[in-house]
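# Descriptive structure summary
Spelled out, the chains give:
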Amino acid sequence: MRNPKPKEWQAKEYSQNYIADYKAFNFVDGEGIRNSLYVSGCLFACEGCFNKAVQNFRYGTPFTQELEDRIIEDLRHDYVQGLTLLGGEPFLNTTVCLKVVDRVRAEFGHSKDIWSWSGYTYEELLLETPDKLELLSKIDILVDGRFELSKRNLNLQFRGSSNQRIIDLAASREQGKAVIWAKCKDAEASYEQIKKQI
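All values reported here derive from a predicted model rather than from experimental measurement.

## A few points about the pairing of strand S1 (residues 18-26)
Where S1 and strand S3 (residues 61-62) come together, 2 bridges link them in antiparallel fashion. When the sheet's bridge partners are listed, isoleucine 19 is paired in S3 with threonine 61. Of the strand pairs in this sheet, S1 and strand S2 (residues 33-39) are connected by 5 bridges, and their pairing is antiparallel. Following the sheet pairing, isoleucine 19 is matched in S2 by valine 39. Hairpin connection between S1 and S2: a loop of 6 residues separates the two successive antiparallel strands, and glycine 30 in this loop has a positive phi of roughly 120°.

Right, dumping it as structure tokens:
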């Protein structure tokens, strides 16, 4: 796992504007039914990363206007709560992410919420480049922090290790500190998949 200094990693130097995947109408990447955009490229290299191939900034395919239009059309369904940005690292792909986020806000205002996962912590992002700060200012929920294999916990809601947080960004901006999402509910017990004996 790598720990960057403030402003050390700049999206303009790394991003190739590639996306690894787009999944419409899923319910695992945040609250409610969501459309999820997986951007390509991440420098954190967390041990145990479940999406290792997506660390490559040229994995997948280039982001296109056609995909942007599809995301917007998929969001028009009343039952879709919002958009999720994952990766890879969204904050190292700010050109793509800001383009989509700005379009979502132009089309839907705040009737659709926007979530993002990031290896950066909220506090680290506050010290970052203007593009990262702009993206942070336009999303609603941030799931922050590197995945730490030693802190892996299957009982956690929407995250993999206990150091990661689900942060309500509007409340955080008001209070001047990271505020945990009020609906965060972690399981009290885990149910490991039963392995079939052969």
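## With respect to the environment of phenylalanine 44
Along the chain, the position of phenylalanine 44 falls in the loop between S2 and S3. On the basis of relative accessible area, phenylalanine 44 is assigned to the buried category, the value being 1%. Separated by 48 residues in the primary sequence, phenylalanine 44 and leucine 92 place their C-alpha atoms 11 Å from one another.

## Here's the deal with the side chain of arginine 34
Structurally, arginine 34 is set in strand S2. Polar side-chain contacts of arginine 34 include one of 3.4 Å to the backbone oxygen of aspartate 29. A distance of 2.7 Å separates polar atoms of two side chains, one belonging to arginine 34 and the other to aspartate 113.

## Regarding the pattern of salt bridges
Tallied over the entire structure, the rule returns 16 salt bridges. The closest approach of N and O atoms between arginine 103 and glutamate 68, which form a salt bridge, is 2.8 Å. With a gap of 35 residues between them, arginine 103 in helix H3 (residues 94-108) and glutamate 68 in helix H2 (residues 65-75) connect regions that are remote in the sequence. Neither residue differs from the other here; arginine 103 and glutamate 68 are each classed as buried. Notably, a salt bridge pairs lysine 138 with glutamate 134, separated by 2.7 Å at the nearest N-O pair. In this pair, lysine 138 and glutamate 134 are both assigned in helix H5 (residues 130-138), 4 residues apart and thus about one turn of the helix distant. A residue is classified by how much of its surface remains accessible, and lysine 138, at 24% relative accessible area, is partly exposed. Each of Glu68, Asp69, Glu73, Arg76, Lys99, Arg103 and Glu107 takes part in salt bridges that share partners, so that together they form one network.

Calculation rules
Residue numbering note: each chain is counted from 1, following its sequence as written. In view of the model being predicted, local features appear only for residues whose pLDDT reaches at least 70, and side-chain atom pairs are presented and counted only at 80 or more, with totals across whole chains, interfaces and linings using the full set of residues. Hydrogens and water are ignored here; the side-chain numbers use all heavy atoms of the structure. Strands were regarded as paired on the criterion that DSSP finds at least two bridges between them. Labels follow the DSSP assignment, with helices taken as runs of H or I lasting at least four residues and strands as runs of E lasting at least two, numbered in each case from the N terminus. Here's how the labels work: a residue is buried when its accessible area is under 20% of the maximum for its type, exposed when over 50%, partly exposed in between, all with a 1.4 Å probe on protein chains only. Here a polar contact is recorded for every N or O atom pair within 3.5 Å, except that within protein the pair must consist of a potential hydrogen donor and a potential acceptor, and residues adjacent in sequence are included only if both atoms are side-chain atoms. For salt bridges, the criterion is a side-chain nitrogen of Lys or Arg within 4 Å of an Asp or Glu carboxyl oxygen.

So, to be careful, I would describe these as geometric facts and stop short of saying anything about function.
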